[in-house]
Amino acid sequence: MRSLNSQPPSEQAGPRDPTEESTPAGVVGARIRLYRKERGLTLRGLASRAGLSIGFLSQVERGISSIGLTALGSVAKALDHSVADFFDAGTSSPDGTVEALPRHFTLTRAEMATTQYVSGQQTYRMLSDRGPELVLEPMMVHIAPGGRRENPYGHSGEEFAYVISGELLYEVEGVEHRLRPGDSVHLRSSVPHQMYNDTDSVTTVVSVVTPRLF
């Protein structure tokens, strides 16, 4: 009989590249592992709570695979953390000032530096500050070519994506749609979906999701 403190083979740590945790994917994976252990969860327990496979989470924790923002949202919820906790701190306005605005309104100037997060092939730049009474999460997403193609994944809420430049494969319910500049997709996020850049250039997308991820 296996002891309560032992872990299944898929959860045992293998050889680690010392540079893993210095990469964006490695930083996110290291924090998932840290927060999981703080809560006393095994990979199996976290995978069950987040609706993801043990093997995939193991690769993410070791920096071998990146994790999409929506899947990370499920992991964050399972670990009682915000998505932002898994990334390095972002930036604020260059002069450090913030305009006093109502709770139902935010204003982001073109010259203001905005918060940015990197996860694997995808870089997310937030397009607005947080408004306590606002529910949308608008982002500019830069998707580099290649990387690991994720399994289709469903979650709560809605999402919208509008391609600014490049091309993007967007799979919805097992059907692939190639999006080009000017194309958009809007769906209820509970429908299994995933996106992938199979070209050799960076694709830029304006994405709006709900509920908030950060």
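Here's what I pulled together on the structure shown here. Everything numeric here is computed off the predicted structure, so don't read it as measured data. Residue numbers run consecutively from 1 along every chain, following the written order of its sequence. Side-chain atom pairs in this predicted model are given and counted only at pLDDT of 80 or more, local residue features only at pLDDT of at least 70, and totals for whole chains, interfaces and linings cover all residues. To get the side-chain values, all heavy atoms of the structure are used, and hydrogens and water are removed first.

For cavity detection a 1 Å grid was placed over the protein atoms alone, and a set of points counts as a cavity when a 1.4 Å probe fits there but cannot get out; an open set counts as a pocket when protein lies on both sides within 12 Å along at least five of seven lines, with lining residues being those that have an atom within 4 Å of a point. Grid points are joined across faces, edges and corners, and a volume is the space filled by probe spheres set on the points. Tallied over the entire structure, the rule returns two cavities of 30 Å³ or more. Space inside the largest cavity adds up to approximately 310 Å³. Around the largest cavity, the lining is made up of 22 residues, and of these Thr70, Gln122, Tyr124, Glu159 and Met195 lie nearest the centre. Amino acids outside the nonpolar list (Ala, Val, Leu, Ile, Met, Phe, Trp, Tyr, Cys, Pro) and the charged list (Asp, Glu, Lys, Arg) are all regarded as polar, and Gly is one of them. In terms of residue class, the lining of the largest cavity is built from 13 nonpolar, seven polar and two charged. The calculated volume of the second largest cavity comes to roughly 130 Å³. Around the second largest cavity, the lining is made up of 15 residues, and of these Gln121, Gln122, Arg148, Glu150 and Met195 lie nearest the centre. Only runs of H or I of at least four residues qualify as helices and only runs of E of at least two qualify as strands under DSSP, and these elements are numbered from the N terminus. When residues of the lining of the second largest cavity are traced back to their parent elements, those giving at least two are β2 (122–126) and β8 (193–196).

By the element assignment, Val206 lies in strand β9 (residues 203–210). Sequence separation between Val206 and Tyr124 is 82 residues, and the spatial gap between their C-alpha atoms is 9.7 Å. Contact between two residues is taken to exist if any of their heavy atoms lie within 4.5 Å; hydrogens are not considered. If we ignore the near neighbours within four places in the chain, the residues touching Val206 are Leu127, Met139, Met140, Phe160, Ala161, Tyr162 and Ile164.

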